[in-house]
Structures are given as structure tokens and as C-alpha cells.
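# Notes for the structure review
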Amino acid sequence: MSSHDRGHVKRVVRLVRYIAEREGADVEVVVTAAELHDIARGEPDHARRSAEKAREILRRKGYAEEFVERVAHCIEAHSFSSRVEPRTPEASILSDADKLDAMGAIGIARAFLYSGERGRSVEETLRHFEDKLLKLYDALRTKTGRELGRERHQFLVEFYQRLEAELWGINRST
Ligand code: NI
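In this text, all values refer to a predicted model and were calculated from it rather than measured experimentally. Chains are numbered independently. Their residues run from 1 in the order of the written sequence. Reporting in this predicted model follows two pLDDT cut-offs: at least 70 for local features of residues, and 80 or more for side-chain atom pairs to be given and counted; totals over whole chains, interfaces and linings ignore these cut-offs and use all residues. With hydrogens and water excluded, all non-hydrogen atoms of the structure serve as input to the side-chain values.

### Considering the packing of aromatic side chains
Any pair of Phe, Tyr and Trp rings, taking the six-membered ring for Trp, is counted once the centres come within 6.5 Å. Such a pair is stacked with planes under 30 degrees apart, edge-to-face with planes over 60 apart, and tilted for the rest. Summed over all chains, the structure comprises 5 aromatic pairs. Plain terms: the ring middles of F112 and F129 are 6.3 Å apart, the flat faces sit at 50° to each other, and that makes the pair tilted. Residue F112 is located in helix α6 (residues 104-118), and its partner F129 is located in helix α7 (residues 122-131); the two are separated by 17 residues in the primary sequence. On the basis of relative accessibility, which here comes to 26%, the residue F112 falls in the partly exposed class. Three labels apply to residues, based on accessible area from a 1.4 Å probe with only protein chains included: buried if under 20% of the type maximum, exposed if over 50%, partly exposed otherwise in between. A residue is classified by how much of its surface remains accessible, and F129, at 0% relative accessible area, is buried. Aromatic pair F129 and F159: ring centres 6.0 Å apart, planes at 20°, arrangement stacked. With F129 in helix α7 and F159 in helix α9 (residues 143-168), the pair connects residues that are 30 residues apart, well separated along the chain. Strands are runs of DSSP state E lasting at least 2 residues, helices are runs of H or I lasting at least 4, and numbering of each runs from the N terminus.

This is the structure:
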């Protein structure tokens with residue numbers, strides 16, 4: 001699936017590293033979690049399933065159980081769908097990074113890619129902005145995440161307003 005591809009994982013890894021360094025969080029825990037966070041993408045309840053798979057992989061590699069559980073918690077709490085609240089700074093950071101990659105220009109590009117994969121129209125994608133993308137800024141949990149999210153959110157709003165104007169009217173100013 002190209003909207004949830006290797007590029008997404010790379011960007012999330014870059015974001016968590018940046019945020020963790022600024023927030024004084026455990027970089028190794030959150031980078032490991034970012035690398036494995038979507039490993040069960042496409043399965044129902046992918047956050048929980050990805051956490052289970054990550055536990056198996058990390059145990060097999062011989063990581064200490066405490067480290068494994070800290071990573072697994074980040075993964076199971078990264079998505080709204082699991083209904084697991086982030087309890088650690090690292091879990092909040094992964095949640096923020098995954099949301100930041102659904103915001104700004106990259107978020108718009110991914111939303112339309114995702115729609116294309118499912119045969120959804122431009123109008124239907126605009127509803128996805130209202131239902132999800134425009135709400136992401138308020139869900140950001142860390143100070144650094146909110147700083148990074150501010151201009152991404154503003155860009156989403158501007159794009160949304162322009163698209164709506166061009167769809168239902170003529171131009172934004174008319
Ligand atoms: Ni993700």
C-alpha cells in the first residue's frame with residue numbers, strides 16, 4: 001500500500017528522533033517502536049497486532065523484557081483505534097509523529113494516494129479532512145509535536161478551504 005509505505009516509516013523514524021532528543025525521551029525505545037509500528041498494517045486492530053509482532057521479533061533478537069514492553073506500549077498506543085492511551089513520553093512521541101505524517105503537504109499527498117487506492121472521489125477525500133485530518137492538531141501530545149504541527153495544520157486548513165471553494169464555487173475570493 002503506497003500511502004503507508006516504507007517512506008512513511010522513514011519519516012516517522014526521523015520525526016520521533018527529532019522530538020525525543022528535544023523532549024529528553026529514550027531515543028532507542030521510540031526509534032525501535034517507530035520502525036515496527038505499522039508492521040501489521042492492513043490487519044484489523046493493526047496497532048495491537050503490530051505490538052504483538054514487535055514483541056516476538058525483539059524477544060527473538062534477545063532484547064530485555066523491560067525494553068520489549070516499553071517499545072510494545074508505544075506501538076499499541078500510537079493509533080486511536082486501539083483505545084490504549086499513551087502512558088509514557090515515548091508513546092506520546094510515536095503517536096505525535098504518526099499524526100504529523102498525516103498533516104501538512106505530506107498528509108495531503110497521502111490522503112489522496114489512499115483515496116486513489118480505494119477509488120474515492122475528491123469530494124469524499126474532503127470529508128476525510130473534516131473527519132480526521134483537521135482534528136489531528138488537537139490530538140498532539142508533546143510540546144515539540146505541537147510546535148511542528150502548527151504550520152502543518154495551518155497548511156491543511158488553507159488547502160481544505162481552497163479546495164472547497166474551487167469545488168463548490170469558483171475561487172477562494174469569489
Ligand atoms: Ni503509521
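### Considering the coordination of the nickel ion
Any nitrogen, oxygen or sulfur atom within 2.8 Å of a metal ion counts as a donor, with the limit raised to 3.2 Å for Na, K and Ca, and since water is left out, coordination shells can look unfinished. Only H8 (NE2), H37 (NE2), D38 (OD) and D98 (OD) from the protein reach the nickel ion as donors, at distances of 2.1 to 2.3 Å. Here the nickel ion is ringed by 4 donor atoms whose angles at the metal span 83 to 173°, and the overall shape comes out irregular. In the primary sequence, the donor residues of the nickel ion line up as H-x28-H-D-x59-D. With a gap of 90 residues between them, H8 in helix α1 (residues 6-23) and D98 in helix α5 (residues 89-100) connect regions that are remote in the sequence. For H8, a relative accessible area of 1% puts it in the buried group. When four donors show all angles between 85 and 135 degrees the site is tetrahedral, when four or six donors have opposite pairs over 155 degrees and all other angles between 65 and 115 it is square planar or octahedral respectively, and in every other case it is irregular.

### A word on the nonpolar core
Counting residues in each nonpolar core, the largest one holds 43 residues, and the members touching the most others are V16, I75 and L94. A total of 7 residues in this core trace back to one element, the largest contributor, which is α1. Domain borders in the structure are assigned automatically or taken from a domain database. Counting residues domain by domain, this core receives three or more from each of domain 1 (6-90) and domain 2 (104-167). Setting aside residues no more than four positions away along its own chain, L94 makes contact with V12, V16, V30, A33, A34, H37, C74, I75 and H78. Nonpolar cores were defined as sets of buried Ala, Val, Leu, Ile, Met, Phe, Trp, Tyr and Cys residues, with membership established by side-chain atoms within 4.5 Å. Contacts: residue pairs with any heavy atoms within 4.5 Å of one another.

### A short note on α5
Because the α-helix completes a turn every 3.6 residues, residues three or four places apart line up on one side. Counted at 1.5 Å a residue, the expected span for α5 with its 12 residues is 16 Å, and the 16 Å between its end C-alpha atoms agrees. With 11 of 12 residues buried, α5 is to be regarded as a mostly interior element. Buried within α5 are the following residues: E90, A91, S92, I93, L94, S95, D96, A97, D98, K99 and L100. Elements in contact with the buried residues of α5: α1, α2 (27-36), α4 (65-76), α6, α8 (136-139) and α9. By this rule the span expected of a helix is its residue count minus one, scaled by 1.5 Å.

### Digging into the domain arrangement of the chain
What the domain assignment lists for the chain is domain 1 (6-90) and domain 2 (104-167). Its C-alpha centre places domain 1 at a distance of 23 Å from the equivalent point of domain 2. Contacts between domain 1 and domain 2 engage 10 residues on the former and 11 residues on the latter. We define buried area as the total accessible area lost by two parts upon association, computed with a 1.4 Å probe and summed across both. Both sides of the domain 1 and domain 2 interface together cover about 860 Å² of buried area, and 63% of this is carbon and sulfur. Criterion for a salt bridge: a side-chain nitrogen of Lys or Arg within 4 Å of a carboxyl oxygen of Asp or Glu. Note that E85 and R141 form a salt bridge whose closest N and O atoms lie 3.6 Å from each other. In the analysis that follows, any N or O atom pair within 3.5 Å is treated as a polar contact, provided that within protein one partner can donate a hydrogen and the other can accept it, and provided that, for residues neighboring in sequence, both atoms belong to side chains. Linking domain 1 with domain 2 are 4 residue pairs in polar contact (both at pLDDT 80 or more). Residues are grouped as follows: Ala, Val, Leu, Ile, Met, Phe, Trp, Tyr, Cys and Pro are nonpolar; Asp, Glu, Lys and Arg are charged; all remaining types, including Gly, are polar. Class assignment for the residues of the side of domain 1 that touches domain 2 results in 5 nonpolar, 1 polar and 4 charged.

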